[in-house]
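Understanding the architecture of this molecule
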Amino acid sequence: MSCNPYTYKATVKRVVDGDTLVVDIDLGFHMTLTGQTLRMARVNAPETKGDTAPMGLRSKEELKKKLEGKEVVLRTFRSGEDKYGRMLAEVFLGEECVNDWLLKEGLAVPFMT
């Protein structure tokens, strides 16, 4: 992965659902942006309430096992906010794009944000 102005290290503090995370973002120079909610770009996981709850809860739990408490790399986008004001990002754990992993595992479907 190439380094660009929109790539940051972060620690996953909490998995909200199958496509939403709360992270602390390392901005460099000993500065951290804490408690930031982000939406994973290009994917849409089932909701954790209503008819899709069983699959939504499974997606959330699998993502939690994979990411919670771990250091990741975020690749964000210049105009990257969703309709709720959440940052949009691709999330990398090592060399693996977790957004793509969600799709491959059937835990989310493609979504153009």
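Before any of the text, the structure's been laid out above.
The structure reproduced in this document is the subject of the present report.

**Thoughts on the packing of aromatic side chains**
Under the definition given, this model contains zero aromatic pairs. Just above the ring of Trp101 sits the side chain of Lys66; from NZ or CZ to the centre is 4.5 Å.

**Description of the pattern of salt bridges**
Applying the stated rule across the entire model yields eight salt bridges. Arg86 is the partner of Asp82 in a salt bridge, and the nearest nitrogen-oxygen pair spans 2.5 Å. The two residues Asp82 and Arg86 agree in class, both being buried. One network of salt bridges, with partners in common, ties together Arg42, Arg75, Glu90 and Asp100.

**Some points on the pairing of strand β6 (residues 87-93)**
Burial of β6 is extensive: five of the seven residues sit out of reach of the surface. Bridge count for strand β3 (residues 31-40) against β6 is three bridges, and the pairing is parallel. Across the sheet, residue Leu38 finds its bridge partner in β6, namely Met87. Between β6 and the antiparallel strand that follows it, strand β7 (residues 96-97), lie two residues; Gly94 among them carries a positive phi value of about 65°.

Reading guide: rules and limits
Residues numbered from 1 in each chain as written. Predicted model: local features only at pLDDT ≥ 70, side-chain atom pairs only at ≥ 80, totals over all residues. Heavy atoms only, no water. Phe/Tyr/Trp six-rings, centres within 6.5 Å; stacked < 30°, edge-to-face > 60°. Lys NZ or Arg CZ within 6 Å of the ring centre and 35° of its normal. Salt bridge = Lys/Arg side-chain N within 4 Å of Asp/Glu carboxyl O. Buried < 20%, exposed > 50% of the residue type's maximum accessible area, 1.4 Å probe, protein only. Helix = DSSP H or I, 4+ residues; strand = E, 2+ residues; numbered from the N terminus. Pairing = 2+ DSSP bridges.

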